[in-house]
Amino acid sequence: QVQLVESGGGLVQAGGSLRLSCAASGRTFSRSAMGWFRQAPGKERECVAAINWSGSSTYYPDSVKGRFAISRNNARNTLYLQMNSLKAEDAAVYYCAGSRKADATITTLIGYDYWGQGTQVTVSS
């Protein structure tokens with residue numbers, strides 16, 4: 001069983017930056033594709049970034065491309081999401097997700113097997 005714990009959320013002004021972290025337990029992190037999702041009130045959970053096991057392949061939707069960056073440190077079992085130029089519409093609960101698959105950038109909810117509890121990101125305008 002893999003446990004994921006997010007941190008780094010908080011309140012930030014529009015235009016500001018935040019870095020989210022996701023600490024993973026277990027020895028499978030380095031062999032797992034990972035992703036970040038977000039869910040705003042009344043909206044569906046959506047993928048904002050995905051990365052394969054080695055970090056050689058990443059995915060971003062157009063809504064965050066050029067502003068968000070996903071990365072991972074397999075030696076530290078940690079996933080990151082650097083968020084820059086934050087907008088009011090980026091406010092949501094952000095979730096870390098892990099997959100049993102390795103060499104893929106997975107953008108769908110069903111593609112992930114493990115989920116963190118989420119961390120709130122609030123953007124003030």
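Definitions and limits used
- Residues numbered from 1 in each chain as written.
- Predicted model: local features only at pLDDT ≥ 70, side-chain atom pairs only at ≥ 80, totals over all residues.
- Heavy atoms only, no water.
- Helix = DSSP H or I, 4+ residues; strand = E, 2+ residues; numbered from the N terminus.
- Rg over C-alpha atoms; globule rule 2.2 N^0.38 Å.
- Contact = heavy atoms within 4.5 Å.
- Phe/Tyr/Trp six-rings, centres within 6.5 Å; stacked < 30°, edge-to-face > 60°.
- Buried < 20%, exposed > 50% of the residue type's maximum accessible area, 1.4 Å probe, protein only.
- Lys NZ or Arg CZ within 6 Å of the ring centre and 35° of its normal.
- Salt bridge = Lys/Arg side-chain N within 4 Å of Asp/Glu carboxyl O.
- Pairing = 2+ DSSP bridges.
- Axes fitted to C-alpha atoms, helices over the stretch in contact; angles between N-to-C directions.

As for the overall build of the protein
- The secondary structure content of the protein amounts to 0 helices and 11 strands.
- A compact globule built from 125 residues should have a C-alpha radius of gyration of about 14 Å, and the protein, at 13 Å, falls within 12% of that.
- Projected onto its principal axes, the C-alpha coordinates of the protein cover approximately 40 × 25 × 25 Å.
- At a minimum sequence separation of 6, the contacts of the protein that also span at least 24 residues come to 59%.

Quick look at the packing of aromatic side chains
- Applying the stated criterion to the full structure yields 3 aromatic pairs.
- Each ring, one from Y112 and one from W115, has its centre 6.0 Å from the other, and the planes form 70°; the classification is edge-to-face.
- For Y112, a relative accessible area of 5% puts it in the buried group.
- Relative accessible area serves as the criterion here: at 29%, W115 is assigned to the partly exposed category.
- These aromatic residues form a ring-pair network of at least three members: F37, Y112 and W115.
- If you follow R45 out to its NZ or CZ, it ends over the ring of Y95, 3.7 Å from the centre.
- One residue, R72, lies across the ring of F29, its end atom 4.5 Å from the ring centre.

Quick word on the pattern of salt bridges
- On inspection of all chains with the given rule, the structure shows 5 salt bridges.
- A salt bridge links K65 to D62; the shortest N-O distance between them is 3.4 Å.
- Across the salt bridge formed by D113 and R100, the nearest N and O atoms sit 3.0 Å from each other. Placement of D113 in the loop between β9 (92-98) and β10 (114-115) and of R100 in the loop between β9 and β10 is noted, with a sequence separation of 13 residues between them.
- Owing to a relative accessible area of 34%, D113 belongs among the partly exposed residues under this scheme.

Side note on the sheet that holds strand β3 (residues 18-24)
- Strand order across the open sheet formed by 4 strands is β1-β3-β8-β7, with antiparallel pairing between neighbours. The sheet is open, and its two borders are formed by β1 (4-7) and β7 (68-73), each paired with just one other strand. Here the average twist between neighbouring strands, direction ignored, is 15°.
- In this sheet, β3 lies alongside β1 in antiparallel orientation, the contact comprising 4 bridges.

A few points about the environment of I70
- Position of I70 relative to the elements: it lies in strand β7.
- Separated by 51 residues in sequence, I70 and R19 place their C-alpha atoms 9.7 Å apart.

Regarding the pairing of strand β4 (residues 34-39)
- β4 sits mainly inside the fold: 5 of its 6 residues count as buried.
- Relative to strand β5 (residues 46-51), β4 runs antiparallel, the two being bridged by 5 bridges. Within the sheet, the bridge partner assigned to F37 lies in β5 and is C47.
- Taking the residues that link successive antiparallel strands as the turn, the β4-β5 hairpin has 6 residues, and the phi of G42 there is positive, at about 80°.
- As paired strands, β4 and β9 are joined by 6 bridges and run antiparallel to one another. Of the residues in β9, the one forming a bridge with R38 is Y94.

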